[in-house]
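Remarks on the overall topology
So the chains spell out like this:
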Amino acid sequence: MKPYPPKNALKFLRWFCREDYLEEIEGDLTEVFRKNLATSPRLARRKFTWSVIRYFRPEFIKSFKPNYHTYTFAMFHHNLLIAYRNFIRYKSSFFINLIGLSTGLACALFIYLWVNDELQVDKFHTHGDRLYQVKENVEQDGGMITRITTAGPTAEALANEMPEVEYAVTNTFDRIFNEVLSVEDNDIKAEGLYASSDFFKLFSYDLLEGDKNQVLSDKKSIVITEDLATRLFGTTENIVGKTIEWQHKKQYLVSGVLKNIPALSSVKFDFILTFEAFKDDNDWALSWFNTAPQTFVLLKEGSDIELLNKKIAELLRTKTEGKASHRTPFITLYADSYLYGKYENGKQAGGRIEYVRLFSIIAIFIVLIACINFMNLSTARATRRIKEVGMKKAIGARRSSLILQYLSESSAIVLVSLLFAIGLVFLFLPQFNTIVGKHLIVNINSSLILGLVGVVAVTGLVAGSYPALYLSKFSPVIVLKGKRNSLMGEVWARKGLVIFQFSLSIILIVSVWVVYKQIQFVQNQNLGYNKDNILILGSEGKVSEQKETFISEIEQLPGVKAVSSSGHDMTGHNGGTYGIEWPGKNSEDRTEFERMPANYGLIEMLGIEMKEGRTFSRDYYDSASIIFNEAAIKFMGLTDPIGKTVKLWGMQMQIIGVTKDFHFDSFHEKVKPAFFWKAPYTGNIMIKIEAGKEQQVIAQLEKFYHTFNPGFPLEYRFLDTDYQSLYAAEQRVSTLSKYFAGLAIIISCLGLFGLASFTAERRMKEIGIRKVLGSSDFAIVQLLTSDYSKMVIMAIVIALPISYFVAKSWLSNFAFKIDLEWWYFVGAGLSALLIAWFTVGLLTVKASRINPTECLRSE
Amino acid sequence: MKDHSLGEFEELVLLVVAAHHDEAYGVSILESLEEHLKKKVNISAIHVALKRMEDKGFVRSRFGGITEDRGGRRKKFYSITALGKRMLDQQFSLRTILYKQIPKISFS
């Protein structure tokens, strides 16, 4: 056995022991070890190790902290100083980095605010983790569709028959009623919904006054928000028990006052009436076969969702005696419904979460592009700092401290950029809010600050890592000898990064273009009807009682072309039925036809073209007549349909006409079967106005309405604005992506500009010599531009296929879409190339015109 | 240095340091302690005591020459300071006084 003490123990001792004690302790330990060696080597070694362990106590452990602290502080200070000097010395690259990073970070912050807000929507309910929404999968001929509407009695049955359900509530979240509430002469239009009595046990809307267990228990109750209370009564105090007149029809007693609805609630309303009151007016809601209200349940802790889903489906089956087997109810967490609201064929298929993801990715990309600028400029300028690195290494700087230096430099610039970015965010927040249609505010709280620190750290790390690792690698000997040439690897990495930047930019350009084109297409597409200059009024009060009189009065107003009324609003699915029977119908078929109760003249007014037959007319007795659209005729498989009869809810109806297909739903959907029949419930009065006379007609209408229908303020909408709001989400994406793509391009170009100016500067002597030897300006421009052109072309080659797939997958959300034309892609590529040329061109032209004597004079 | 107490083991170590006078170092202290106490002592305990007493100002130390035996490490020699001596004297007189107060007891 060698007379040496155990190595590992010694290593350990040297690692932890205070340096001023180490020599003595090591010496003493070795001496004892040597002595013990004589008796038993094994014992001696064990004893040595044991003793070393015994030294592992506070008195002997070297104090890592104070030394380290002063050292880091000094280095930190030094690094910042060097960074500062570099910024001052190379102003252009500093500003390029600053502008790029601060706009990039501002984008990221905006997106963060938006994403954060989206993720918080409907998450404020106290029992959110147990609050479920009942939805239904409905089998249709074209596949399964998923609806949030349920049968009226569902909630009561669930609460009574399912032990897992603590409370169940019926409400009308998806349909907010716009109705008139009056206190004395004060008539106010307000938005309200109906809810059953346990509503406040499920949903955490706070009550200022009233007991949450009681406020909705009486049929005569109304709960209003403080805002509405102020508008109606001028105060929020002592109004419980007061009377409010509803639609000039019924009296309700205020039973509670709500705090204003939080911005994070996806449902906004001013008042709540009881579902019991709703049932009084709408007896169809008592049936298990009609689905319109929504059902929510609060489950007991630890309930088995799978099992409950089966039980709920079974419940529906027994209640409907198996006659609604095409409907399968199931429950999902209400808090998730906002983000995951889309279903395809009965399966969850994303929803708003897709936009959340999309924008998060865009945010990361934009920051990445800005980081790449930093990386490229830092490595390109490496030659200038390489002597610094060599010098530092020669006097003993370790690689780790050099890495730290570059990282702190990048963090410093990121930090400065962040401050600018925060400024930008505050500056542009109002504009951003209008685009996204939210009321975002910058809430300075710990999580935001933590997030910002995280962003600085991550961005600093990403931006600084490559230069740090790359610059710190050089051997001081080679560097100080001045032998270092640009390595191929370095050049390639830089080129690769530029290509990556431009690829991202091109993908963004293509996406923006495609989104824009699709929206244009949707807006300008022939819908099969004319949506322009049509005013929609709801019918209430005297208007709904004496509709025909009202219509004929309105028709007299100058500027009004035609007036009719419809039970359908022409913008989206209103309601359907499978109660149509035709010869040869499969009795199991539950495909719904869109119901369109119509008044005389509606089809003509909307400009819907007839394929054959006639429209409703006062000259005929049309109460048993029906008009289908082409899609319906095709679906039913009827040939020569005019004059044939079908059954609608058991009544014989004669087909008098077939319309051409028109888009009553958004372009996401195919045109579904629909039918018109002459029905009394046509709540939407539609007024076609001569173009350019809107203001005049509205003013007259206002006057007339006031006398005709006292107590009801006039509220109207334009059909074409309604139509546009079908695509609000796409509009938003289109606007936002336009800005983001623009920024991405600008930031990329900044980087390219920085690189190009650097190369031009570096090659100044070469240019001078070339010129002396007779090269033309143009040849020099070509020489300097060719590199960048190659990179951008490479980027185009990479980006186009990717953008093709991206565009394709986005368009697949639409049933009607534009074709992807080749020139969208070529256009995007060319524009990227042109922008790049423009950026580099200015510089190169300037460089090529330099006087050779100037750049060759000093050596 | 604020603390002027002297623990039992520290006192023993200090006595040995005083006895060896300027030639005391870790291992020599260890050996004479083991000899007198008739039991094994760990070197780390001695170092702890020495460092503490050095902090309190009872001993001072100097480095000696290099010896082969110690793998090229220098010895660190300890010697008692005036304060340390006074401390020992105090302890000694305290014990003597108390000892003398013991009445004659027969333990038969």
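What you are looking at is a predicted structure, and each value in this text was computed from that prediction instead of being measured.

When helices and strands are tallied, chain A shows 28 helices and 26 strands. A globule of 859 residues ought to have a C-alpha radius of gyration of about 29 Å, yet chain A, at 37 Å, is considerably larger. Projected onto its principal axes, the C-alpha coordinates of chain A cover approximately 115 × 85 × 60 Å. Residue burial in chain A is summarised as follows: out of 859 residues, 50% are buried.

Now for empty space enclosed by the protein. All names here are of chain A. As enumerated under the stated definition, the model contains three cavities of 30 Å³ or more in all. Space inside the largest cavity adds up to approximately 230 Å³. Forming the boundary of the largest cavity are 15 residues, of which S93, N97, S378, R385 and E409 lie nearest the centre. Where the lining of the largest cavity is concerned, the elements lending two or more residues are α4 (64-89), α5 (91-120), α12 (352-380) and α14 (399-436). Here the residues of the lining of the largest cavity are counted per class, giving eight nonpolar, four polar and three charged. If you add up the space inside the second largest cavity, you get close to 40 Å³. If you trace the second largest cavity, you find it lined by A756, T759, A760, L784, Y788, V840, L843 and T844.

Attention now moves to unusual backbone geometry. Its identity is not glycine, yet Q247 of chain A carries a phi of approximately 55°, on the positive side. Mapped onto the secondary structure, Q247 of chain A falls in the loop between β8 (243-246) and β9 (250-258). Exposure remark for Q247 of chain A: the relative accessible area of 11% places this residue in the buried category. Of note, H21 of chain B is a non-glycine position whose phi angle comes to about 40°, a positive value.

In terms of nonpolar packing, the biggest core is built from 115 residues, with W114, F359, I506, Y529, L606 and F676 of chain A touching the most fellow members. Residue contributions to this core peak at 14 residues, all from helix α17 (residues 488-524) of chain A. Apart from the residues lying within four places of it in its own chain, the contact partners of I506 of chain A are A795, I796, A799, L800, A828 and A832 of chain A. If you look at the next biggest cluster of nonpolar residues, it comprises 42 residues, including V16, I29, L50 and M87 of chain B.

If you walk through the whole model with that rule in mind, you get 33 salt bridges over all chains. Of the charged contacts, one joins E23 of chain A and R74 of chain B as a salt bridge, the two residues approaching to 2.8 Å between their closest N and O atoms. Of the two residues, E23 of chain A is situated in helix α2 (residues 19-39) and R74 of chain B in strand β2 (residues 74-80); the pairing between them involves two chains. Judged by relative accessible area, which is 22%, E23 of chain A ranks as partly exposed. Each of R14 and E26 of chain A together with R73 of chain B takes part in salt bridges that share partners, so that together they form one network.

A word on the interface of chain A and chain B. Facing the 23 residues of chain A at the interface are 24 residues of chain B. When the two sides are added together, the surface that chain A and chain B hide from each other amounts to roughly 2,100 Å², 47% of it contributed by carbon and sulfur. Across the salt bridge formed by K51 of chain B and E24 of chain A, the nearest N and O atoms sit 2.6 Å from each other. Inspection of the region where chain A meets chain B yields 10 residue pairs in polar contact (both at pLDDT 80 or more).

Residues and elements named next belong to chain A. Here strand β16 (residues 560-566) lies mainly inside the structure; five of its seven residues are buried. The pairing of β16 with strand β25 (residues 684-689) spans six bridges and is classified as antiparallel. Bridge pairing in β25 links V560 to I689.

Assignment of secondary structure puts D218 of chain A in the loop between β6 (207-209) and β7 (221-225). Within the structure, D218 of chain A has its side chain in polar contact with the backbone nitrogen of K220 of chain A (distance 2.8 Å).

On to the side chain of T659 of chain A. Its location among the elements puts T659 of chain A in strand β23 (residues 651-659). Once residues within four sequence positions are removed from consideration, T659 of chain A is found in contact with I608, E609, M610, K611, I627, F628, N629, E630 and F676 of chain A.

Right, let's talk about the environment of K189 of chain A for a bit. Assignment of secondary structure puts K189 of chain A in strand β5 (residues 186-195). Classification of K189 of chain A by relative accessible area gives buried; the value is 15%.

The next point concerns the environment of F676 of chain A. All names here are of chain A. Tracing the backbone shows F676 in strand β24 (residues 674-678). Separated by 272 residues in the primary sequence, F676 and L404 have C-alpha atoms spaced 74 Å apart. Each residue touching F676, except ones within four places of it in the same chain, is listed here: M596, A598, L602, I603, I608, F616, S625, I626, I627, T659 and F662.

Rules behind the numbers
- Residues numbered from 1 in each chain as written.
- Chains lettered and ligands numbered in written order.
- Predicted model: local features only at pLDDT ≥ 70, side-chain atom pairs only at ≥ 80, totals over all residues.
- Heavy atoms only, no water.
- Helix = DSSP H or I, 4+ residues; strand = E, 2+ residues; numbered from the N terminus.
- Rg over C-alpha atoms; globule rule 2.2 N^0.38 Å.
- Buried < 20%, exposed > 50% of the residue type's maximum accessible area, 1.4 Å probe, protein only.
- 1 Å grid on protein atoms, 1.4 Å probe; cavity = no way out; pocket = protein on both sides within 12 Å on 5 of 7 lines; lining within 4 Å.
- Points joined across faces, edges and corners; volume = space filled by probe spheres on them.
- Nonpolar A, V, L, I, M, F, W, Y, C, P; charged D, E, K, R; others polar.
- Core = buried A, V, L, I, M, F, W, Y, C linked by side-chain atoms within 4.5 Å.
- Contact = heavy atoms within 4.5 Å.
- Salt bridge = Lys/Arg side-chain N within 4 Å of Asp/Glu carboxyl O.
- Buried area = accessible area lost by both parts, 1.4 Å probe.
- Polar contact = N/O pair within 3.5 Å; in protein donor to acceptor, adjacent residues only side chain to side chain.
- Pairing = 2+ DSSP bridges.

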